Amino acid sequence: MRKLMMVVALVVVLVPLAAVASLAATGQLIQCRNVLPCTGSKGDDKILERIGNGKHDRIIARVGGDRVLANKYTADTDVVRGGGGTDRINVADGDTLDTANGGKSRDRCIVDARKEAGTSCSSVEVRRP
């Protein structure tokens, strides 16, 4: 009976720890709220630019395969830098004022014009409205 109680106590302690570690590894939805660098977490994040036309953004993805969406609002200067994972960076918002830089991995940059893509993008897709 004593061994059974020890096993149950161990499970009660370890299950929440495993759940927290699993949640941290999966990433999160991040809505940027200010122009200071908006940064991702250590997981596979979906990072959204600030809401509204004319609002400039600085977004830095971190470790993980992040998806950065700075393509909804226009008339702004969005500067995005990928992180350590395979990221997808989209700055195709209808203006050519943005910059998409890949990180240390194979990052895909989606832009309005080739001039928006940094040299660290492993693939570049130009989308025209």
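As shown above, the structure is provided for reference.
Predicted, not measured: the structure shown is a model, and the values here were computed from it. (Residues numbered from 1 in each chain as written. Predicted model: local features only at pLDDT ≥ 70, side-chain atom pairs only at ≥ 80, totals over all residues. Heavy atoms only, no water.)

**Considering the state of the cysteines**
To be explicit about the condition: Defined by distance alone, a disulfide is two cysteine sulfur atoms within 2.5 Å. Accessible area is worked out with a 1.4 Å probe on protein chains only. A residue is then buried under 20% of its type maximum, exposed over 50%, and partly exposed in between.
On inspection of all chains with the given rule, the structure shows two disulfides. The disulfide partner of Cys-32 is Cys-38, and the gap between their sulfur atoms is 2.1 Å. Since a negative S-S torsion denotes a left-handed disulfide, the Cys-32-Cys-38 link at about -90° is left-handed. Each member of the pair, Cys-32 as well as Cys-38, carries the same accessibility label: buried. Two residues share a disulfide in this structure: Cys-109 and Cys-121, whose sulfurs sit 2.0 Å from each other.

**Brief notes about the sheet that holds strand 7 (residues 88-90)**
Here is the rule: At least two bridges found by DSSP between two strands are what make those strands a pair. Secondary structure counts use DSSP, requiring at least four H or I residues in a row for a helix and at least two E residues in a row for a strand, with both numbered from the N terminus. Interaxial angle, 0 to 180 degrees, is taken between N-to-C directions of lines fitted to C-alpha atoms, where a helix line uses only the stretch in contact.
Strand order in the open sheet formed by six strands is 1-3-5-7-9-10, and the pairing between neighbours is parallel. Sheet topology places strand 1 (29-31) and strand 10 (123-126) at the edges, where each strand pairs with a single neighbour. The sheet shows a mean angle of 10° between the axes of neighbouring strands, direction not considered. Two elements, strand 1 and strand 3 (residues 46-48), share three bridges in a ladder whose sense is parallel. Pairing of Leu-29 across the sheet is with Lys-46, part of strand 3.

**Focus: the side chain of Asp-112**
Inclusion rule: The charge count includes Lys and Arg as positive and Asp and Glu as negative, but it does not include His or the ends of the chains. The rule for a salt bridge is simple: a side-chain nitrogen of Lys or Arg has to be within 4 Å of a carboxyl oxygen of Asp or Glu. Any pair of nitrogen or oxygen atoms within 3.5 Å is treated as a polar contact; in protein, a donor-acceptor pairing is required on top of that, and neighbouring residues in sequence qualify only through side-chain atoms on both sides. The contact rule is simple, with two residues in contact once any of their heavy atoms fall within 4.5 Å.
Along the polypeptide, Asp-112 turns up in the loop between strand 9 (108-111) and strand 10. Lacking a salt bridge, the buried Asp-112 has Arg-128 as its closest oppositely charged neighbour, with an N-O distance of 8.5 Å. From its side chain, Asp-112 meets the backbone nitrogen of Asp-93 in a polar contact 2.9 Å long. Reaching out from Asp-112, the side chain makes a polar contact with the backbone nitrogen of Gly-94 at a distance of 3.1 Å. Once you skip the residues sitting within four places of it in the chain, Asp-112 turns out to touch Val-91, Ala-92, Asp-93, Gly-94, Asp-95, Thr-96, Asp-98, Val-126, Arg-127 and Arg-128.

Nothing here speaks to function; it is geometry throughout.
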